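Descriptive analysis of the structure
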Amino acid sequence: MTDRDVIKVPLGPQHPALKEPGNFILSMKGELVTEMGVRLGYNHRGIEKACEQRSYLNDLYLLERICGICSHSHSTAYVQAVEEIAGIQVPPRGLYLRTLVAELERVHSHLLWLGVAGHEIGFDTLLMYSWRDREVVMDLLAALTGNRVNYGFNTIGGVRRDITDEQKLEVLKATDTLEERTKYYAELAGHETTLIKRLKDVGRLSKEDVLRLGVTGPTARASGVSRDVRKDDPYAVYADLDFEVITSDHCDVYGRTLVRVGELMQTYKMIRQLLTQLPDGAIAAKAPRKIPKGQAISRYEAPRGEDFHFVRGNGTDKPERVKVRAPTLVNMQAVSTMMKGGYLADMPITLAAIDPCFSCTDRMIELRDESDTACGEYSWPALRQLGISHHRALGIDFTELSKKLASRRDRV
Amino acid sequence: MSYEDIPVAEASPALESERLLQQQLESAFSELSGKVTIQRVRRVWVEVTMDQLHPVLTHAKDQLGFGMLCTITGTDEGTHLGLMYHLASDGGVVLTLVTTAPKDGPGPQTVTQYFPHADLYEREVIDLLGVRIQGVADGNRYPLPDGWPEGQYPLRKDWTQEMLEVGKEVEP
């Protein structure tokens, strides 16, 4: 095959798999992917800069909005760093409740993922089932925090809402229901031929590649790497909880499915422990408005992998620097390796299998000249032309291919 | 804010592995004596010059088990830029290599040969702070858009949003 046989196919930036932007340029030899380039940044909103201009408390709500799915992850990672700098001791009950919401968020995220994965492989019944079940945990989160997503549950020094005895019973009852449903999914993943055949050997990532590329979360654990911040660098109350880190040696999308389903079972176990061990007492300590000079690193096992926050205080009520590294930024770079030698049709599920979150990763700056009327609305043909010339500049040109197809059509 | 502001943890038996790490670093690089700070359990900081960055980084990766680069944090320190390479071990210890880079001169060499995923971390400090990392491969910028005006680094302390109004550039 010569270079003429390599065709570059652009995927995205509009909705490459999920309803989020990311651009992938796939070099194809026939149906096989030989190379893949990634372009990110479409969701960059300048949040880190905005944090420096707002107070610590305002930042908490801003950072929570980095991502709608793992909002509690970002807010917890951030408050942990601030609490460390200020030397605030969060009361045990506060930490337990923070962890409870964290694990409920994991249930909501993993069930959401299971549905998306089902949808990507044309198994929409799975999507309907798992998203129906997900509503159970969404209702719980709404009852406990007041919101389905972006809970506003954390505050510097603890949490903002306590749990009542009736709510505890509700959570336990709902956990039983969810566990029953998850057992069904685990059985499905073990026996359903359509699912197994569609996911096995798709998006392979070896253990060596995981270690080389610094991959985190369920994606790493599905390649046999037992990496979990909750165990390795325990925060909140994870050191008091009895749970296992679920791994799989499949190294493919199937393994990533098994790991997430397995993790759900561990999470239910943790929720029960959290509720039975829940200590009495205050839920938050008083936090000062001004945070002293100092810096701290906070790591958090978000549903997608390690969330890393760095905060530096300068003695005022605004931080000097807030740095966020979401798990997708590192996992996304491994997708190129997973796709090498794979089929084009496997791209959506392979991408979806790292459970990407572009908003987390890019944290948009839009450059717009208000006086320039050319920046207004595009007509449909003009937009099409813009797309063609943009991709031509990147070396993706279908002129020859279109001519070939047109001449073939003429002959027919 | 400088590196010296990192609070030093009091000696305790719980910090044995962190002390060992400190000794290992200081015996491998005599010039690091007094530059290693134990902040708390699992948090160790070491101040290195731009030239020491690569030897210390590779030693930590190959000899001390710090196989993961969590991220690179860039800061504006006023007269110069700060860079923090956060390394993590399987044991959960985070070893942060703190170094500096000039605002207008060449910065440290790329570390992508040891950590391929550092590519986006490096592009981020290049885009947002203007650190001139040496040896970065050709490729897309991250995370700013293509039409972003040159010489504007949004995470520098003297940068304000109004600066965009002057050097306005819009994607074609």
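Notes on the structure in this doc start here.

Here is what the cut-offs are and how they apply
Residues numbered from 1 in each chain as written. Chains lettered and ligands numbered in written order. Predicted model: local features only at pLDDT ≥ 70, side-chain atom pairs only at ≥ 80, totals over all residues. Heavy atoms only, no water. Pairing = 2+ DSSP bridges. Helix = DSSP H or I, 4+ residues; strand = E, 2+ residues; numbered from the N terminus. Axes fitted to C-alpha atoms, helices over the stretch in contact; angles between N-to-C directions. Contact = heavy atoms within 4.5 Å. Buried area = accessible area lost by both parts, 1.4 Å probe. Salt bridge = Lys/Arg side-chain N within 4 Å of Asp/Glu carboxyl O. Polar contact = N/O pair within 3.5 Å; in protein donor to acceptor, adjacent residues only side chain to side chain. Nonpolar A, V, L, I, M, F, W, Y, C, P; charged D, E, K, R; others polar.

Quick notes on the sheet that holds strand E1 (residues 36-40) of chain B
Residues and elements named next belong to chain B. Ordered in space as E1-E2-E5-E4-E3, the five strands form an open sheet in which the pairing is mixed. Looking at the sheet topology across the chains shown, the edges are occupied by E1 and strand E3 (68-76). Adjacent strand axes in the sheet meet at a mean angle of 25 degrees, parallel and antiparallel pairs treated alike. With four bridges joining them, E1 and strand E2 (residues 43-47) adopt antiparallel strand pairing. What sits directly across from Thr37, in E2, is Trp45. Along the sheet face, helix H1 (residues 16-28) touches E1, E2 and strand E5 (94-102) and points at about 165 degrees away from the line of E1. Against the sheet, helix H3 (residues 118-129) makes contact with E3 and strand E4 (80-88), and its axis sits at roughly 5 degrees relative to E3, the strand it touches most.

Structural notes on the interface of chain B and chain A
With 52 residues of chain B at the interface, the matching set in chain A holds 45 residues. Buried surface at the junction of chain B and chain A, both sides included, amounts to about 4300 Å², of which 54% is carbon and sulfur. One can count eight salt bridges joining chain B with chain A. Between Arg42(B) and Asp233(A) there is a salt bridge, with its nearest N and O atoms 2.6 Å apart. Applying the counting criterion to the chain B and chain A interface returns 21 residue pairs in polar contact (both at pLDDT 80 or more). Elements represented by at least two residues in the side of chain B that touches chain A include exactly E1, E2, E3, E4, E5 and H3 of chain B. The element that contributes the greatest number of residues to the side of chain B that touches chain A is E3(B), accounting for seven residues. The residue inventory of the side of chain B that touches chain A, partitioned by class, reads 25 nonpolar, 13 polar and 14 charged.

Quick word on the sheet that holds strand E2 (residues 23-29) of chain A
Residues and elements named next belong to chain A. Pairing within the open sheet is antiparallel, and its three strands lie in the order E1-E2-E3. Looking at strand neighbours, the two that pair on one side only are strand E1 (6-11) and strand E3 (32-39), the edges of this open sheet. Taken over all neighbouring pairs, the strand axes of this sheet differ in orientation by 20 degrees on average, direction set aside. Sheet topology places E1 next to E2; six bridges connect them, and they run antiparallel. Directly across from Lys8, in E2, lies its bridge partner Ser27. The strands touched by helix H12 (residues 327-339) within the sheet are E2 and E3, with E3 carrying the most contacts at an inclination of about 170 degrees.

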